[in-house]
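A closer look at the structure
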Amino acid sequence: EMDLEDKAKVTQDPRGVALELVGEEGFGSGTVNLKDELKATLDSAAKELMSNSDDLRSILIEGHTDNMQPVGDIAEKYPTNWELSSARAANVVNYLIYQGVMPGRLSASGYADRWPAGSSWAEVRSGVVDDNYILLQNDTREQQAQNRRIKIIFGVK
């Protein structure tokens, strides 16, 4: 109903329902600034999915990166992908609070490049996602763009 098919995908996650916001819609390489496309999607999600005052489920915002290490000016503030992914998630949380989402429902977490797009919770937890796997999942610019994403998990009631 939110017309997000080209910008996001909805999946089932062991922690709840996940809304994964596709890479290039969100952040450019090495940036933490939300693109206008991401803001528009978050505006819609905040209005349609996060504004019901009777819904007290937790909302986890996950930040993800490609495997390219920050360089230049951005590396001075975010020296690793851990800091970069965490900053992306925090910026989304701040944006959602500004849009009226209850702050007590929101939390942010950064995963750096350790959870490539398309990898399952079980693969990440079991060790299937190792350095070689991450390298293969970042082989092209398209894959890298897919990995620069935000994932929003709506917890179970």
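Predicted model, so just to flag it, every value in this text is computed and none were measured.

**Let's talk about the environment of Val128**
Of note, Val128 is situated in the loop between helix H5 (121–126) and helix H6 (131–136). Judged by relative accessible area, which is 42%, Val128 ranks as partly exposed. Distance from Val128 to Ser44, taken between C-alpha atoms, is 35 Å for residues 84 residues apart in sequence. Not counting residues within four places of it along the chain, the set of residues in contact with Val128 comprises Glu123 and Tyr133.

**Quick look at helix H2 (residues 36–49)**
If you check H2, its first and last C-alpha atoms are 19 Å apart, about what 14 residues at 1.5 Å a residue would give, namely 20 Å. Within the sequence span of H2, burial applies to Leu38, Thr41, Leu42, Ala45 and Ala46. Along the axis of H2, the buried residues cluster in a sector spanning 135°; they form a single face. Among the exposed residues of H2, those pointing more than 90 degrees away from its buried face are Asp36 and Lys47.

**Overview of unusual backbone geometry**
Positive phi, normally seen in glycine, also occurs at Ala112, with a value near 55°. Along the chain, the position of Ala112 falls in the loop between strand S4 (106–110) and H5.

**Section: the pairing of strand S3 (residues 59–63)**
Summarising burial for S3: five of the five residues are buried, a large majority. Of the two faces of S3, both are covered, the one formed by Ile59, Ile61 and Gly63 as well as the one formed by Leu60 and Glu62. Across five bridges, the pairing between S3 and S4 is parallel. Within S4, the residue paired with Leu60 across the bridge is Ser107.

**Some words on the nonpolar core**
Taken as a class, soluble globular proteins show a tendency for nonpolar side chains to be buried jointly. Core analysis: the largest hydrophobic core is formed by 22 residues, its most contacted members being Leu42, Ile61, Val92, Leu96 and Ile152. For this core, the secondary-structure elements that each account for two or more residues are strand S2 (16–21), H2, S3, helix H4 (81–98) and strand S5 (150–155). Counting residues per element, this core draws most heavily on H4, which supplies five residues.

**Description of the confidence of the model for the protein chain**
Looking at the protein chain, the pLDDT average stands at 89 and 94% of residues meet or exceed 70. The lowest-confidence element of the protein chain is helix H1 (residues 23–26), averaging 68 in pLDDT; the highest-confidence one is H6, averaging 97.

**Let's talk about the packing of aromatic side chains**
Per the counting criterion, the structure on display carries two aromatic pairs. With centroids separated by 5.7 Å and ring planes inclined at 50°, the aromatic side chains of Trp115 and Trp121 adopt a geometry described as tilted. Among the residues examined, Trp115 registers a relative accessible area of 2% and is labelled buried.

**Notes on the pattern of salt bridges**
All chains considered together, the criterion is met by eight salt bridges. A salt bridge links Asp55 to Arg57, with the nearest nitrogen and oxygen atoms 2.8 Å apart. The partner of Asp66 in a salt bridge is Arg148, and the shortest N-O contact between them spans 2.6 Å. Here Asp66, found in the loop between S3 and helix H3 (73–77), pairs with Arg148, found in the loop between helix H7 (141–147) and S5; they are 82 residues apart in sequence, far enough to count as distant. Taking the relative accessible area as the measure of exposure, Arg148 reaches 6% and is therefore buried. A single salt-bridge network, built from bridges that share partners, covers Asp13, Arg15, Glu62 and Lys151.

Rules and cut-offs
Residues numbered from 1 in each chain as written. Predicted model: local features only at pLDDT ≥ 70, side-chain atom pairs only at ≥ 80, totals over all residues. Heavy atoms only, no water. Helix = DSSP H or I, 4+ residues; strand = E, 2+ residues; numbered from the N terminus. Buried < 20%, exposed > 50% of the residue type's maximum accessible area, 1.4 Å probe, protein only. Contact = heavy atoms within 4.5 Å. Expected span 1.5 Å × (residues − 1). Arc of directions from axis to C-beta. Pairing = 2+ DSSP bridges. Core = buried A, V, L, I, M, F, W, Y, C linked by side-chain atoms within 4.5 Å. pLDDT = per-residue confidence, 0-100. Phe/Tyr/Trp six-rings, centres within 6.5 Å; stacked < 30°, edge-to-face > 60°. Salt bridge = Lys/Arg side-chain N within 4 Å of Asp/Glu carboxyl O.

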